[in-house]
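Below are the chains, spelled out letter by letter.
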Amino acid sequence: MKRAVLFIAISALYLRFSEVKSQVKVHKDLRTSTWNIIGLRYDKELSPGKWGSVYPAPLKALNNKTIELPGYMIPTKVGRKFTEFMFSIVPVESCPYCGTGDIPAMLQVSTSTPIPITDKPIKLKGKFVINDSGNDQSEFFLLSAVLVSK
């Protein structure tokens, strides 16, 4: 009986440590002052039962301006090269909707030249646009983006 209990205890410890090894490594997010400004957007009840996004003045000041952002590609379809994808301060394997803290800001990228998929951080430069139309599209875009560095 003692052997069985010891075996179960050792097995549980082994499983616990092997679980830790299989988890995604902690990443360093690529937060910058510009990403922090993009993250200022919040939801507010505009009238009873009607909610909408609020864009503080520093965020509105970025609208239609050319900006540079570091981040990670998050593909929205299968492929090797992309002209459209999502962009975030966390890599795709670190689910942006999981974990502690707020959901990080993400934006939709559109490029003229296809960019090869990578799980490494990249830096993009493009025109930042706020989509405040209320439709189901992304809220933030980086248009005519170009790859600045890998």
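Everything here concerns the structure above.
If you're wondering where the values come from, they're calculated on a predicted model, not measured in any experiment.

Draft legend 1. Up close: the overall build of the protein chain. Tallying secondary structure elements over the protein chain gives 3 helices and 7 strands in all. The linear arrangement of helices and strands in the protein chain, starting from the amino end, is α-α-β-β-α-β-β-β-β-β. Once local pairs closer than 6 in sequence are excluded, the contacts in the protein chain between residues at least 24 apart make up 59%. Summed over its atoms, the accessible surface of the protein chain is roughly 10400 Å², and 57% of this surface lies on carbon and sulfur atoms.

Draft legend 2. Molecular detail of the packing of aromatic side chains. For the coordinates displayed, the defined rule picks out 4 aromatic pairs. Three or more aromatic residues joined by ring pairs make a cluster, and in this case those are Trp 35, Phe 85 and Phe 87.

Draft legend 3. Looking closely at the pattern of salt bridges. With the rule as written, the count across this model stands at 3 salt bridges. Residue Arg 41 pairs with Asp 43 through a salt bridge whose shortest N-O separation is 2.6 Å. According to the relative accessible area criterion, Arg 41 is partly exposed, its value standing at 24%. Taking the relative accessible area as the measure of exposure, Asp 43 reaches 46% and is therefore partly exposed.

Draft legend 4. Representation of the nonpolar core in the model. Counting 24 residues, the largest nonpolar core has Ile 38, Phe 87, Leu 107 and Phe 128 as its most contacted members. Going through the elements one at a time, α2 (33–38), α3 (57–62), β3 (65–74), β4 (81–88), β5 (106–116), β6 (122–130) and β7 (140–149) are the ones with two or more residues in this core. Sorting elements by how many residues they give to this core places β6 first, with 4 residues.

Draft legend 5. Focus on the pairing of β5. Here β4 pairs with β5 via 7 bridges, running antiparallel. Bridge pairing in β5 links Met 86 to Gln 108. Note that β5 and β7 share 3 bridges and pair parallel. Within β7, the residue paired with Gln 108 across the bridge is Phe 141.

Draft legend 6. Broad picture of the sheet that holds β5. The sheet built from 5 strands closes into a barrel, its strands ordered β3-β4-β5-β7-β6 with mixed pairing. For this sheet the average axis-to-axis angle between neighbouring strands, irrespective of direction, equals 50 degrees. Here 3 bridges tie β3 to β4, and the two strands are oriented antiparallel to one another. Looking at β4, one finds that Tyr 72 is bridged to Ser 88.

Draft legend 7. Here's a closer look at the side chain of Ser 88. Following the sequence through the fold, Ser 88 ends up in strand β4. When its relative accessible area of 0% is taken as the criterion, Ser 88 is described as buried. From its side chain, Ser 88 meets the backbone nitrogen of Val 90 in a polar contact 3.2 Å long.

Draft legend 8. The side chain of Asn 131, seen in detail. With respect to the helices and strands, the residue Asn 131 is situated in the loop between β6 and β7. Within the structure, the side chain of Asn 131 is placed 2.9 Å from the backbone oxygen of Ser 138, a separation counted as a polar contact. Dropping the residues within four chain positions of it, Asn 131 is found in contact with Tyr 55, Gln 137, Ser 138, Glu 139 and Phe 141.

Each value, and the rule that gives it
Residues numbered from 1 in each chain as written. Predicted model: local features only at pLDDT ≥ 70, side-chain atom pairs only at ≥ 80, totals over all residues. Heavy atoms only, no water. Helix = DSSP H or I, 4+ residues; strand = E, 2+ residues; numbered from the N terminus. Contact = heavy atoms within 4.5 Å. Areas by Shrake-Rupley, 256 points an atom, 1.4 Å probe, with all protein chains shown as cover. Phe/Tyr/Trp six-rings, centres within 6.5 Å; stacked < 30°, edge-to-face > 60°. Salt bridge = Lys/Arg side-chain N within 4 Å of Asp/Glu carboxyl O. Buried < 20%, exposed > 50% of the residue type's maximum accessible area, 1.4 Å probe, protein only. Core = buried A, V, L, I, M, F, W, Y, C linked by side-chain atoms within 4.5 Å. Pairing = 2+ DSSP bridges. Axes fitted to C-alpha atoms, helices over the stretch in contact; angles between N-to-C directions. Polar contact = N/O pair within 3.5 Å; in protein donor to acceptor, adjacent residues only side chain to side chain.

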